[in-house]
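Residue-level structural notes
Letter by letter, the chains look like this.
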Amino acid sequence: LWKEGKHSGQEDMVKRRDDAIRHWNDMRPLRDGPVNPKRVEVTDVEAMTAEIKRRSLEGGGDDVGITALRPEFIELGVDLPHKNVIAIICYEDYAQALEGPLAVEVEAMEAYARCADVSTEIARYIRDELGYPALAHHNGSFQIQAIPVFHEVGFGELGRHGSLIHPELGSNFRPGFVTTDLPLSYDAPIEFGAQDYCLNCNLCRANCPGDAIPDDFITTNGIKRWLTDIDKCYPISRFREAYCHICIDVCPYSYKENGDPEKRNI
């Protein structure tokens, strides 16, 4: 599996970024593979679910959630004949935001590479050792709508900035997924007050250089959603040299809920 390098100047950072991108692209052919014909009968779904979560966390994930794979979770035009989706997230170090846009981009790409490693290994385990179809989804090839899956598996609440806010990781994480027919038990959405906080906090909106974050929200199935203006966001976040991460960087949950107990009371 791919390992992180060390910080040693801008040239090294660019190499780390490019190596990470190359890594998860190289993992693409490993997303799927032959299924062991000797299927393991799952007699205890809860125990199997616990095993999948244990392997995901020990493999490098920071949280794992599972739910039924619904049509609205799948990219348009993609056929995924699986019953379940496993969501795995890897923490993205908030401290890198203090080192500038390139450091943020490197951290993001390396987190994506870790997600590729974890999701690929879990899919391989399910196919090779348990005998069930399983397909890994990561930044080398994404066919899953991340945000609605995040909400459904109980990773947190939708924030004004358009990302999901996790109660421990804030919005500083990247995703990988596995779709499979392996019988598993499901997690459920949670509430911990993030959306109520967003109603009275305008930090992301006030600091967005593209003025892409709305003031008002819509409600879908009882869930508040602030819809980022993609036409305004993308020229700032993707089509310039400096990688924009400002909406996440200024979010109070990014630094208060980032795994550092000393910062949670700031």
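Everything numeric in this text was worked out from a predicted model, so none of it was measured. (Residues numbered from 1 in each chain as written. Predicted model: local features only at pLDDT ≥ 70, side-chain atom pairs only at ≥ 80, totals over all residues. Heavy atoms only, no water.)

**Side note on the packing of aromatic side chains**
On inspection of all chains with the given rule, the structure shows seven aromatic pairs. Between phenylalanine 192 and tyrosine 253, the aromatic rings sit 5.9 Å apart at their centres with planes inclined by 90°, giving edge-to-face as the arrangement. Placement of the pair is phenylalanine 192 in the loop between β6 (173-180) and α5 (194-199) and tyrosine 253 in helix α9 (residues 252-256), with a sequence separation of 61 residues. Considering the side-chain rings of phenylalanine 217 and tryptophan 226, the 5.6 Å spacing of their centres and the 70° angle between planes classify their relative orientation as edge-to-face. Overall, tryptophan 226 belongs to the buried group, its relative accessible area being 4%. Among the aromatic residues, those joined into a cluster by ring pairs are Phe150, Phe155, Phe173 and Phe177. Above the ring of phenylalanine 217, the side-chain terminus of lysine 224 is found at 5.8 Å from the ring centroid. (Phe/Tyr/Trp six-rings, centres within 6.5 Å; stacked < 30°, edge-to-face > 60°. Helix = DSSP H or I, 4+ residues; strand = E, 2+ residues; numbered from the N terminus. Buried < 20%, exposed > 50% of the residue type's maximum accessible area, 1.4 Å probe, protein only. Lys NZ or Arg CZ within 6 Å of the ring centre and 35° of its normal.)

**Structural notes on the confidence of the model for the chain**
Detailed reading of predicted coordinates is not advised where the pLDDT is low. The share of residues in the chain with pLDDT of 70 or more is 90%, and the mean pLDDT across the chain is 89. In the model, residues 1-7 has pLDDT below 50 throughout and makes 19 contacts with residues more than four positions away in sequence or in other chains. (pLDDT = per-residue confidence, 0-100. Contact = heavy atoms within 4.5 Å.)

**Brief notes about the packing of helix α2 (residues 45-58) against helix α3 (residues 101-130)**
Look at α2 against α3: their axes get within 10 Å of each other, and the N-to-C directions meet at 140°. Judged by the angle between their axes, α2 and α3 are oblique. Between α2 and α3 lies a crossing whose hand is right-handed. On the side of α2, the interface is formed by Met48, Glu51, Ile52, Arg55 and Ser56, while α3 contributes Val118, Ile122, Tyr125, Ile126, Glu129 and Leu130. Considered class by class, the residues forming the contact of α2 with α3 number seven nonpolar, one polar and three charged. (Axes fitted to C-alpha atoms, helices over the stretch in contact; angles between N-to-C directions. Parallel < 35°, antiparallel > 145°, perpendicular 65-115°, else oblique. Left-handed = near helix turned anticlockwise from the far one by under 90°. Nonpolar A, V, L, I, M, F, W, Y, C, P; charged D, E, K, R; others polar.)

**Thoughts on the nonpolar core**
By size, the foremost hydrophobic cluster in this structure holds 21 residues, and its most contacted members are Leu69, Val149, Phe150, Phe155 and Phe177. Of all the elements, strand β2 (residues 84-91) adds the most residues to this core, at four residues. Residues contacting phenylalanine 155, with those up to four places away along its chain left out, are Asp63, Val64, Gly65, Ala87, Ile89, Phe150, Leu164, Ile165, His166, Pro167 and Ile190. (Core = buried A, V, L, I, M, F, W, Y, C linked by side-chain atoms within 4.5 Å.)

**Re the side chain of threonine 120**
Locating threonine 120 in the fold gives a position in helix α3. Not counting residues within four places of it along the chain, the set of residues in contact with threonine 120 comprises Met27, Leu30, Ala136 and His138.

**Focus: the sheet that holds β6**
The sheet built from four strands is open, its strands ordered β1-β2-β6-β3 with antiparallel pairing. Each edge of the open sheet is held by one strand with a lone partner, namely β1 (63-68) and β3 (134-137). Averaged over all neighbouring strand pairs, the angle between strand axes comes to 20°, with direction disregarded. For β2 and β6, the ladder comprises eight bridges, and the chain directions are antiparallel. By the bridge assignment for β6, isoleucine 89 is matched with proline 175. Each of β1 and β2 is contacted by α2, which is oriented at about 140° to β1, the strand it contacts most. (Pairing = 2+ DSSP bridges.)

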